[in-house]
Amino acid sequence: MMNTMNKGIGLMLFTIASITNGAYAQLAITRNINSIYDEQNPVLSQDGKHLFYTVAHNEQNIGGAQDTGDIWYSVWQDSVWSMPFHGGNVINNMAWNGVIGFDQNNNLYLHHHYKDGKQGISIALKNDDFWEKPQNIEIPYFLNKSKHQSGSISSDGKVLLMSIESYGTIGAEDIYVLFRNGNEFTEPKNIGSVINTRFQEMTPTIGEDNK
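Below is a summary of the structure that appears in this document. (Residues numbered from 1 in each chain as written. Predicted model: local features only at pLDDT ≥ 70, side-chain atom pairs only at ≥ 80, totals over all residues. Heavy atoms only, no water.)

The next thing to look at is the environment of Lys118. Looking at the secondary structure, you find Lys118 in the loop between β7 (108-111) and β8 (121-124). Judged by relative accessible area, Lys118 falls into the exposed class, the value being 52%. Residues Lys118 and Phe142, spaced 24 residues apart in sequence, show a C-alpha to C-alpha distance of 9.8 Å. If near-sequence neighbours (up to four positions away) are discounted, Lys118 is found in contact with His112 and His113. (Helix = DSSP H or I, 4+ residues; strand = E, 2+ residues; numbered from the N terminus. Buried < 20%, exposed > 50% of the residue type's maximum accessible area, 1.4 Å probe, protein only. Contact = heavy atoms within 4.5 Å.)

Pairing between the strands of a sheet comes from backbone hydrogen bonds, and it takes one of two forms, parallel or antiparallel. Sheet architecture is open: 4 strands sit in the order β6-β7-β8-β11, paired in antiparallel fashion. The open sheet terminates on both sides in strands that have one partner only, identified here as β6 (99-102) and β11 (135-137). Between one strand and the next, the sheet's axes are offset by a mean angle of 30°, whatever the strand orientation. As paired elements, β6 and β7 share 3 bridges and run antiparallel to each other. Counted as the bridge partner of Val99 is Leu110 from β7. (Pairing = 2+ DSSP bridges. Axes fitted to C-alpha atoms, helices over the stretch in contact; angles between N-to-C directions.)

Moving on: the nonpolar core. A general trend in soluble globular proteins is that nonpolar side chains are found buried together. Counting residues in hydrophobic clusters, the biggest one holds 14 residues, and the most contacted among them are Ile121, Leu160 and Phe185. Residue assignment for this core shows that the elements contributing at least two residues are β8, β13 (159-164) and β14 (174-181). If you tally residues by element for this core, the top one is β13, at 3 residues. Phe52, Ile91, Val99 and Leu108 belong to the second-largest nonpolar core, a separate cluster that totals 11 residues. (Core = buried A, V, L, I, M, F, W, Y, C linked by side-chain atoms within 4.5 Å.)

What follows is the structure in structure tokens.
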């Protein structure tokens, strides 16, 4: 009886130790990323080596401590994410800035317009080792009545999912789908009440297999 109890206690301690070690390992991986600031909207590059995310109210943002969000990135090095780097003033401005995703040519899709402050999305074309100035992408009947906006683009750049509060929204934010039509996207279409509810549906994601 005593041996069985000792084995049980030993197994439990081993399990607790394994969980604890796993938790510490996870903390070590992200120790350089999480900070006293607000980290949001993480997006991995297609090669998995760069993590882009939005940081709010950092003194080094374009708008300083009052800035609601600039794009920063971290590099995967030696099994941990590196100290973050500010994304620079090409893809950041005084407004909230966030990454949607990348296409197969490593072009960078971004939330919101950059030139005129209108609602929508933008694209920064990849040119060697840097991205060019973001260009606005016109989307017919694009409307977001919410202060929140999230989304994901397929790896071939042909399908865009967005969480917005727009025409035909059932609750708060709903998920909408947009399809590439040449150099533009079609108007957002609500994907319906099977998924969308009277609650918030946010951060939709398209997998690397475009499903």
